[in-house]
Amino acid sequence: MKSYNEKRDFSKTGEPRDVPSKKKNEQPIFVIQKHDATNLHYDFRLEIDNTLKSWSVPKGPSTDPSVKRMAIPTEDHPIAYADFEGVIPKGEYGGGTVMIWDTGTIESNKKDEDGKLISLEESFNAGSIEVTLHGKKLKGGYNLVEMKGGKMKGNWLLMKQDDAEADARRNPVSTQSKSVTSGRTLNQIAQEESKNL
């Protein structure tokens, strides 16, 4: 399988190269990037073991604990990718417009039988992540669970934990459509970035 760098022509795309990260964030980060590629989806990325573990969530995250969202694992991305917003040229891998839809810090809230916190690395390797998001749009607990059998084996499910931040009536994917870093919509990013290409 080709690596992140091998899939990209950095003379054409503004995406960051995958180079060893020099600094470790005091608190691990997350980023959700709205990506208008072949199909519109949301890239859900968690900093685990000095890289961004990534999943493609076609319908985007929900704040309703009764909703299960498909999360398809994709390649690891460099930490620097959390700051990427712009247009990947057509014909390039993942071609389309990328928006930083939400970002913030994370912490594991998964505990073992003795009540001791389990690290994000251990949780990821076990295929069951329980994490608290401290984002601008999303807050509170979320679970990511790998499906171990059946037709969907290898894919994961993303679910909101039933906590104080849960809200079945809220639909941030529909109501909060602007970048948390630039305040732009996908169309504005596409139009402004095309002038610079």
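Residues numbered from 1 in each chain as written. Predicted model: local features only at pLDDT ≥ 70, side-chain atom pairs only at ≥ 80, totals over all residues. Heavy atoms only, no water.

Student: Even after reading the chapter, I still don't get the pattern of salt bridges, so can you show me in this structure?
Tutor: Side-chain pairs of opposite charge can arise where the charged atoms are in close proximity. The tally for this structure, following the rule as stated, stands at nine salt bridges. Between R45 and D43 there is a salt bridge whose closest N-O contact spans 3.3 Å. The exposure classification of R45 matches that of D43, with both residues buried. (Salt bridge = Lys/Arg side-chain N within 4 Å of Asp/Glu carboxyl O. Buried < 20%, exposed > 50% of the residue type's maximum accessible area, 1.4 Å probe, protein only.)

Student: Which parts of the structure should I look at to understand the nonpolar core?
Tutor: Considering soluble globular proteins, one finds that nonpolar side chains tend to be buried as a cluster. Among the nonpolar cores identified, the biggest contains 24 residues, and F44, L46, W55, I129, L133 and L144 are the most heavily contacted of them. Elements with a minimum of two residues in this core: strand 1 (29-36), strand 2 (40-48), strand 3 (51-57), strand 6 (96-108), strand 7 (128-135), strand 8 (139-146), strand 9 (156-160) and helix 3 (186-196). Looking at which element gives the most residues to this core, the answer is strand 2, with four residues. Apart from the residues lying within four places of it in its own chain, the contact partners of L144 are F44, L46, W55, A71, G127, S128, I129, W156, L157 and L158. Judged by nonpolar contacts, the second largest core, of 13 residues, contains I29, V31, L52 and V180. (Core = buried A, V, L, I, M, F, W, Y, C linked by side-chain atoms within 4.5 Å. Helix = DSSP H or I, 4+ residues; strand = E, 2+ residues; numbered from the N terminus. Contact = heavy atoms within 4.5 Å.)

Student: How do you make sense of the side chain of Q33 when you look at a structure like this?
Tutor: One can find Q33 in strand 1. The buried category is assigned to Q33, whose relative accessible area is 0%. For Q33, the side chain forms a polar contact with the side chain of R45, separated by 2.7 Å. Not counting residues up to four positions away in its chain, the partners in contact with Q33 are H41, Y42, D43, R45, Y81, A82, F84, V98, M99, I100 and W101. (Polar contact = N/O pair within 3.5 Å; in protein donor to acceptor, adjacent residues only side chain to side chain.)

Bear in mind that shape data such as this cannot, by itself, settle questions of function.
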